[in-house]
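Here is what each chain is made of, one letter per residue.
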Amino acid sequence: MSAQSDPKDRRRSPRTRAPLFVMQDNYRALAKDWSLVGLKTSRPPYAMTQVGDVVCLTLYLPRPNLQVSIKCTARVVRIDQATNSIAYQYVSVGPMEYELLEGYFNEVVRTEVS
């Protein structure tokens, strides 16, 4: 796992491959990579989602002895048929939920850098 910051990358936030599960329309997938701005995951097999759509997601943070879930809305920003992936940009994450996500992100990035 490593925080990614490729100069050719269009993303404005460092990414990580640390475990983060994502639920959309009863389809649960492991995020391929994610940041505090958005994430990429495999595309649900039955998804009719198009670029520009705003969808509801539930993010599951793997915490010891505790299941932390964060509900948010996100915009589909890219669909890659070749890799069967879909990229989202968060649109709405509550302040407490964002704080949880940020704490987990900082923890895993700190671990990756060590």
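To be clear, the structure that these remarks concern was listed above.
Residues numbered from 1 in each chain as written. Predicted model: local features only at pLDDT ≥ 70, side-chain atom pairs only at ≥ 80, totals over all residues. Heavy atoms only, no water.

Some remarks on the sheet that holds strand E6 (residues 66-80)
Okay, step 1: Taken in spatial order, the 7 strands line up as E2-E1-E5-E6-E7-E4-E3 in an open sheet, and their pairing is antiparallel. Among the strands making up the open sheet, the edge pair consists of strand E2 (27-30) and strand E3 (33-34).
Okay, step 2: In this structure, strand E1 (residues 21-24) lies alongside strand E5 (residues 54-63), joined through 3 bridges in antiparallel fashion. Within E5, the residue paired with phenylalanine 21 across the bridge is tyrosine 60. (Pairing = 2+ DSSP bridges. Helix = DSSP H or I, 4+ residues; strand = E, 2+ residues; numbered from the N terminus.)

Comments concerning the environment of valine 108
Okay, step 1: Relative to the helices and strands, valine 108 is located in helix H1 (residues 95-113).
Okay, step 2: Sequence separation between valine 108 and threonine 16 is 92 residues; the distance between their C-alpha atoms is 7.9 Å.
Okay, step 3: Aside from chain neighbours lying at most four places away, what touches valine 108 is Thr16, Ala18 and Trp34. (Contact = heavy atoms within 4.5 Å.)

Let's talk about the pairing of E2
Okay, step 1: Pairing geometry for E1 and E2, over 4 bridges, is antiparallel. By the bridge assignment, phenylalanine 21 is partnered in E2 with leucine 30.
Okay, step 2: Connecting the antiparallel pair E1 and E2 is a turn made up of 2 residues, with aspartate 25 showing a positive phi of about 50°.

Remarks on unusual backbone geometry
Okay, step 1: In this model, asparagine 26 sits at a positive phi of 65°, which is unusual for a non-glycine residue.
Okay, step 2: Note on placement: asparagine 26 falls in the loop between E1 and E2.
Okay, step 3: Non-glycine residue asparagine 65 carries a positive phi angle of around 60°.
Okay, step 4: Positionally, asparagine 65 belongs in the loop between E5 and E6.

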